[in-house]
Amino acid sequence: MEQPIYTTRAHVFQIDPSTKKNWVPASKQAVTVSYFYDSTRNSYRIISVDGSKVIINSTITPNMTFTKTSQKFGQWADSRANTVFGLGFASEQQLSKFAEKFQEVKESAKMARDKSQEKAETLSNHSQESGRETPSTNQAANINGTDDEKISHVGPEAALLKSENERLKSAVEQSNSNAKKWETELQTLRENNARLVDALQESSANVESWKKQLSTCKEESDKLREKIAELEAQCNEANQEKQRNAQLTLRVQELETELQDKEQELENLRKQAEIIPHLMAQCEDITTKLQAAEMKNKELEGRIEGLQVEINDSRQKQGSMKGELKKFMDILDGKIDELHEFRQGLSKLGVDN
């Protein structure tokens with residue numbers, strides 16, 4: 001019976017059979033992917049089931065290779081299934097563990113194949129040696145025996161020779177079948193090599209596309225840097241506007257202080273007018289001045305309201321500028337992270353190649 005020896009979860013993909021370039025999702029979500037070991041056949045398989053549908057049933061052979069194409073994606077070609085499987089993991093650690101297990105299982109499959117070949121060669125050599133030794137033994141017996149013994153052993157010797165000929169024929173047929181198996185394995189190896197060459201060419205094309213994307217990202221990064229410089233200049237202008245607003249605020253406070261002084265002076269004049277009736281003429285003059293001061297106060301209040309409106313507009317502009325700056329900084333951070341991931345992917349791809 002097959003037993004699971006390692007289990008993980010990943011998104012399963014298969015290569016598009018028509019284009020041999022695009023990936024087709026085999027599962028809508030992450031599914032269980034397991035390594036199984038068959039102790040009776042001494043073989044290993046990768047199996048994944050989505051509901052009642054088997055989406056991966058790949059027997060691992062020593063000729064297979066698991067390739068990491070990115071930080072979280074890996075693939076391998078299965079010549080028997082005539083397809084290429086791809087797995088997308090949630091983290092780089094899961095991908096590394098799966099790749100290490102693939103290499104371990106591959107080595108085990110290779111050792112099992114070597115042992116079976118050695119066993120077959122041993123049986124073949126043993127049958128050939130037994131077929132060679134029997135006629136020579138009979139010949140020695142005939143030579144050392146008398147004439148009567150020679151005559152009496154002619155029949156059994158022919159039977160032994162016939163049986164040994166049949167054994168030799170079966171050994172030759174077994175070697176022919178082994179040769180056919182080896183030819184089949186050689187053809188499989190050639191097909192795998194051709195697929196690997198196609199995969200290498202595809203990887204080279206992907207590298208070129210990634211280079212183009214990298215150059216595009218660099219151009220976008222330069223544009224974003226220029227935009228940030230413009231926003232910084234606008235921020236400097238906003239700071240200058242803020243300083244002007246602060247100066248206007250101080251001016252408004254000074255005007256308010258003057259207004260309070262004027263009001264206090266007006267109050268004192270009113271008190272003097274109430275206390276000293278004979279200063280009515282002076283009170284009329286003071287009233288005239290007061291009216292003028294009130295007019296001036298209204299003008300100052302109008303100016304204060306205008307300045308307050310300008311301050312509010314400046315604050316709104318400054319807030320909007322800060323929001324735009326923050327958005328552009330977030331976009332720049334995202335682009336820089338993508339650039340970093342592209343560089344790591346390119347470096348790992350270069351190491352794998």
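Residues numbered from 1 in each chain as written. Predicted model: local features only at pLDDT ≥ 70, side-chain atom pairs only at ≥ 80, totals over all residues. Heavy atoms only, no water.

- The protein chain is annotated in an unreviewed UniProt entry as Homer protein homolog 2 isoform X3 from Betta splendens.
- The heading Sequence similarities (unreviewed entry) in the UniProt record of the protein chain holds the text "Belongs to the Homer family." (UniProt positions renumbered as here; feature names shortened; annotations may be inferred.)

### Things to note about the nonpolar core
Logical step 1: Membership of the largest hydrophobic core comes to 22 residues, with the highest contact counts inside it found for Ile46, Ile56, Trp76, Leu87, Phe98 and Phe102.
Logical step 2: Taken together, the elements giving at least two residues each to this core come down to β1 (2-15), β3 (31-38), β4 (43-50), β5 (53-59), β8 (83-88) and α1 (92-144).
Logical step 3: Of the residues forming this core, the biggest block, 6 residues, is contributed by α1.
Logical step 4: Sequence-distant contacts of Trp76, that is, excluding residues within four places in its chain, are made with Ile46, Ile56, Ser58, Met64, Thr65, Phe66, Val84, Phe85, Leu87, Phe98 and Phe102. (Core = buried A, V, L, I, M, F, W, Y, C linked by side-chain atoms within 4.5 Å. Buried < 20%, exposed > 50% of the residue type's maximum accessible area, 1.4 Å probe, protein only. Helix = DSSP H or I, 4+ residues; strand = E, 2+ residues; numbered from the N terminus. Contact = heavy atoms within 4.5 Å.)

### Focus: the pattern of salt bridges
Logical step 1: Tallying each qualifying case throughout the model produces 7 salt bridges.
Logical step 2: Measuring nitrogen to oxygen at the nearest pair gives 3.9 Å for the salt bridge that ties Arg41 to Asp38.
Logical step 3: According to the relative accessible area criterion, Asp38 is buried, its value standing at 8%.
Logical step 4: With a closest N to O distance of 2.2 Å, Glu241 and Arg244 form a salt bridge. Taken together, the residues span about one helical turn, with Glu241 and Arg244 both in helix α3 (residues 154-275) at a distance of 3 residues.
Logical step 5: The class of Glu241 is partly exposed, set by a relative accessible area of 28%.
Logical step 6: In this structure Arg244 comes out as partly exposed when scored by relative accessible area, which is 42%. (Salt bridge = Lys/Arg side-chain N within 4 Å of Asp/Glu carboxyl O.)

### Digging into the pairing of strand β7 (residues 73-78)
Logical step 1: Summarising burial for β7: 5 of the 6 residues are buried, a large majority.
Logical step 2: As paired elements, strand β6 (residues 67-68) and β7 share 2 bridges and run antiparallel to each other. Across the sheet, residue Thr67 finds its bridge partner in β7, namely Gln75.
Logical step 3: Hairpin geometry of β6 and β7 is characterised by an intervening segment of 4 residues between the two adjacent antiparallel strands.
Logical step 4: Between β7 and β8, which pair antiparallel and follow one another directly, the connecting turn spans 4 residues, one of which, Asn82, has a positive phi of 55°. (Pairing = 2+ DSSP bridges.)

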